[in-house]
Every structure is written in C-alpha cells, then in structure tokens.
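What follows is each chain in one-letter form.
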Amino acid sequence: MKTMTCKELGGQCDQELSAESWDEMVKVMTKHVMEKHPDVAKEMEKMHKQDPQKWGKEMKPKWNAAPDL
Ligand SMILES: [Zn+2]
C-alpha cells in the first residue's frame, strides 16, 4: 500500500490517496479530481488527448519512489 498526496499527482490539495498498485492509484486520483477539482480534471483530460502517456510518465516515478507501507 502506498500513499501519495493529490498535489504530488498534479492536483491542488493535500488530500492523501492510497492504493495497492499504480493502476489503482490512477483510478483513485481520477475519481478524486473529478469530484474535487473539475478544473484539474479538464486539464488532465486535455493533456491525455494530446499525449496519453504524459501524465503517467511524469507521475509514475513518484509512485515508484513512494515508500511501500
Ligand atoms: Zn485534491
């Protein structure tokens, strides 16, 4: 189980998000931004359309570096 904050994942708040895997974290983060930061969700959607790999490429190293508790 790893925990990262919304901010570390490109969001706007210090809410902690936990997941067992990177795929799960993507889902948890997506749900969180859609509920709490519609503006960020829109930005991410735009970014995803331009380059579907971009967000993951930037965020996954942080996930890998996060301590596994
Ligand atoms: Zn947030």
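See the structure printed just above.
Rules used throughout
Residues numbered from 1 in each chain as written. Predicted model: local features only at pLDDT ≥ 70, side-chain atom pairs only at ≥ 80, totals over all residues. Heavy atoms only, no water. Core = buried A, V, L, I, M, F, W, Y, C linked by side-chain atoms within 4.5 Å. Buried < 20%, exposed > 50% of the residue type's maximum accessible area, 1.4 Å probe, protein only. Helix = DSSP H or I, 4+ residues; strand = E, 2+ residues; numbered from the N terminus. Contact = heavy atoms within 4.5 Å. Axes fitted to C-alpha atoms, helices over the stretch in contact; angles between N-to-C directions. Left-handed = near helix turned anticlockwise from the far one by under 90°. Nonpolar A, V, L, I, M, F, W, Y, C, P; charged D, E, K, R; others polar. Salt bridge = Lys/Arg side-chain N within 4 Å of Asp/Glu carboxyl O.

Novice: Pulling in residues and values, what's your account of the nonpolar core?
Specialist: Among the nonpolar cores identified, the biggest contains 16 residues, and L9, W22, M25, M29 and W55 are the most heavily contacted of them. If you list the elements that add at least two residues to this core, you get strand 2 (16-19), helix 1 (22-36), helix 2 (38-50) and helix 3 (54-65). Among the elements that make up this core, the one with the highest residue count is helix 1 (four residues). Apart from the residues within four sequence positions on either side, L9 is in contact with M4, L17, W22, M25, M29, M44, W55 and M59.

Novice: Tell me about the packing of helix 1 against helix 3, and please be specific about residues and values.
Specialist: The contact between helix 1 and helix 3 brings their axes to 11 Å, and the two run at 115°. Handedness of the helix 1/helix 3 crossing: right-handed. Here W22, M25, V26 and M29 of helix 1 come into contact with helix 3, specifically with W55, G56, M59, K60 and W63. Split into classes, the residues belonging to the contact of helix 1 with helix 3 amount to seven nonpolar, one polar and one charged.

Novice: I'd love a proper account of the pattern of salt bridges, names of residues and values included.
Specialist: All chains considered together, the criterion is met by five salt bridges. As a salt-bridge pair, K49 and E45 come within 3.5 Å of each other at their nearest N and O atoms. Pair noted here: K49 and E45 are both in helix 2, with a separation of four residues, about one helical turn. Ionic pairing is found between E58 and K54, a salt bridge with its closest N-O pair at 2.8 Å. One end of the pair, E58, and the other, K54, are both in helix 3, four residues apart, so they sit about a helical turn from each other. Assessed through its relative accessible area of 38%, E58 is described here as partly exposed. With a relative accessible area of 32%, K54 lands in the partly exposed category.

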